[in-house]
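Results of the structural survey
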Amino acid sequence: MFRTPGRVAAAALCTLAPLSAQDIPVTERTLPNGMRVLMVERHDEPTISCGWVARVGSADERPGITGIAHLFEHMMFKGTKVIGTRDAKRDAELNALQDRTVGEIRKELDTLREKARRGEIADINDPGARSPRHQQLLAELDKLVQEQRGLIVKDELDKVYKQAGATGLNANTTSDRTFYHIDVPANKLELWAWLEADRLKNAVFREFYSERDVVLEERRLRVEATPTGKVQETFNALIWQAHPYSWPVIGWPSDITTVTRDQADNFFSTYYAPNNITAIIVGDFKTEEAFATLQTYFGGIPSRTTLAPRVTTLEPPQGAEQRLVATANAMPMVQVTHKTVPSVHKDAAALDVLSSILNGQSGRLNLELVVRKRVAVNAGAGNRGMKFGGIFYLGGVPAPGHTPEEVEGLLLQEVERIQKEGVTGQELQKVKNQVQASTYARMENNADLRDQLAEAEGAGSYRDFLEEPARLNAVTREDVQRVAKAYFGPESRNTMVIRRKEAK
């Protein structure tokens, strides 16, 4: 539960390793439409790890359309004008008819929402509260959806890739970016470029309204059906007062169920423009030939003259220490979180080192709380730097006979000890050695390197990834002590205590 985030290990220094981040020969180009291209030519195996990252995540949303960035992760697999349907003309007609029907359903929902506001009904989702016309519209929508499904070639994109020998087609969304990726045989780069450019130019959001239900089910499984999912969601909303990081990447249920295709089209044209995207390929190709191929297919996507709006909300200083106490059908635990800095901030490296000194089997928290005092069965720390901010968390699970509050006190004592006494040179060097080995392994693998480059592009630039080893190597004992003093005051502290729910 309390593991150091992967970025820490992936972005660490390796001054003595046979391969360092600075040695990675990244070729950077920009197409006339503004799309950036990163290429790393390697000939160890006859494959290419491909991907493209759109610099858009849940932080770019607003209340009313939360979850739309993640919804696109689903919609981008629904096909294009030539992929995913047996009859593109009728498919388009059915999308238009669904939009018209949903427009009428929204009017019915507006009526229900007003009734709920006045206390005339308890739940707008209660089928018993619907009017006969509302029921009729839902039946008509279901009929249209069923007809469209009869035309769909299910998972055709995945089938085309698999027939060509590709593996690992997938995507994921964070608060800061959305990333689509796959590994293809070396002689299928042109197929990848064609299919992905087609997705960006000719995407068809078929099954749009039924896919919202799929996302709702995903949310139910990942959040609502887990013992601490809703508590964690509440805690996250407590930590971030003003910034969009306060809402979950998957979105709020009421927003997921009411987002419209018009809103989706606008979101897509704004954030999926080529000048907001970076394509990344790592593997067996010749750079100039590969770039010519990418230029042929991606270069035809029109750029957007208006840049995607920037996130301008700054998280204000926290007014006071905050505390959330909850019960759940889960092991008791405590988590203490302080807001810190973005991943590219000058203090991020020192915070990463601090978390590694505290975390892990040989980290201070495990040795002190679990091994020596036996107050906890699990204790750790992690620093998570994001695009616009960061969080540093300490956490632990109490041993039988002990309480979350006892663990909380000891977690804070260990930070206070570093604030007063600092860390040893041996601890600092141990952390550097640990991350060195992990970094070397991640750079050796084409897919892992592609993912690291994409992650860096999502929060800033791939150069941040290349320069991070040097930043970590420069961290001193004084730096670690300084950030421990700077970011861990009680006024910026957020504490979550979970107690086991008593059996009735």
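What follows deals with the packing of aromatic side chains. For the coordinates displayed, the defined rule picks out 16 aromatic pairs. Consider the rings of F77 and Y180, whose centres lie 6.3 Å apart with planes at 35°: the pair is tilted. Taken as a pair, F77 in the loop between helix 2 (68-75) and helix 3 (88-117) and Y180 in strand 5 (residues 178-185) lie far apart in primary sequence, 103 residues in all. Look at F77 and you get partly exposed, because its relative accessible area is 27%. By relative accessible area, which is 1% here, Y180 ends up buried. Note on F267 and Y271: the rings are 4.8 Å apart at their centroids and 45° apart in plane angle, and the pair reads as tilted. One end of the pair is F267 and the other is Y271, both in helix 10 (residues 261-271) and 4 residues apart, which spans about a single turn. The pair formed by F267 and Y271 is uniform in burial state, with each residue classed as buried. A network of ring pairs unites the aromatic residues W52, F72, F77, Y180, F205, F267, F268, Y271 and Y272 as a single cluster. For R29, the ring lying beneath its charged end belongs to F291, and the centroid distance is 5.1 Å.

With that settled, the discussion passes to the sheet that holds strand 8 (residues 333-339). What the 5 strands build is an open sheet, ordered 7-11-8-10-9; its pairing is mixed. Taken across any chain shown, the strands that pair with only one partner, and hence form the sheet edges, are strand 7 (322-328) and strand 9 (376-385). Direction aside, the axes of adjacent strands within the sheet are offset by 15° on average. For strand 9 and strand 10 (residues 390-398), the ladder comprises 9 bridges, and the chain directions are antiparallel.

Now for the pattern of salt bridges. Where charged atoms from two side chains of opposite charge come close, those side chains can pair. With the rule as written, the count across this model stands at 40 salt bridges. Its salt-bridge partner being R113, residue D110 comes within 2.9 Å of it at the nearest N-O pair. Of the two residues, D110 and R113 both sit in helix 3, 3 residues apart, roughly one turn of that helix. Across the salt bridge formed by E408 and R323, the nearest N and O atoms sit 2.7 Å from each other. In this pair, E408 sits in helix 14 (residues 404-421) while R323 sits in strand 7, placing the two residues 85 residues apart along the sequence. Linked through salt bridges whose partners overlap, the residues forming this network are E28, R36, R55, E457 and R463.

Attention now moves to the sheet that holds strand 1 (residues 26-30). Spatially, the 6 strands line up as an open sheet ordered 1-2-6-3-5-4, and their pairing is mixed. Among the strands making up the open sheet, the edge pair consists of strand 1 and strand 4 (167-173). Taking the axes of each pair of neighbouring strands and ignoring which way they run, one obtains an average angle of 15° across the sheet. Lying over the sheet, helix 17 (residues 462-473) contacts strand 1 and strand 2 (36-41), oriented at roughly 155° with respect to strand 1.

Buried within helix 13 (residues 364-372) are the following residues: R364, L365, N366, E368, L369 and V370. Residue R374 follows helix 13 closely and has a positive phi angle near 55°.

Before going further, it helps to examine the confidence of the model for the protein. Residue-level pLDDT values for the protein average 92, and 95% of them are 70 or greater. Predicted confidence for residues 1-18 stays below pLDDT 50, and this span has 64 contacts to residues more than four positions away or in other chains.

What counts as what
- Residues numbered from 1 in each chain as written.
- Predicted model: local features only at pLDDT ≥ 70, side-chain atom pairs only at ≥ 80, totals over all residues.
- Heavy atoms only, no water.
- Phe/Tyr/Trp six-rings, centres within 6.5 Å; stacked < 30°, edge-to-face > 60°.
- Helix = DSSP H or I, 4+ residues; strand = E, 2+ residues; numbered from the N terminus.
- Buried < 20%, exposed > 50% of the residue type's maximum accessible area, 1.4 Å probe, protein only.
- Lys NZ or Arg CZ within 6 Å of the ring centre and 35° of its normal.
- Pairing = 2+ DSSP bridges.
- Axes fitted to C-alpha atoms, helices over the stretch in contact; angles between N-to-C directions.
- Salt bridge = Lys/Arg side-chain N within 4 Å of Asp/Glu carboxyl O.
- Contact = heavy atoms within 4.5 Å.
- pLDDT = per-residue confidence, 0-100.

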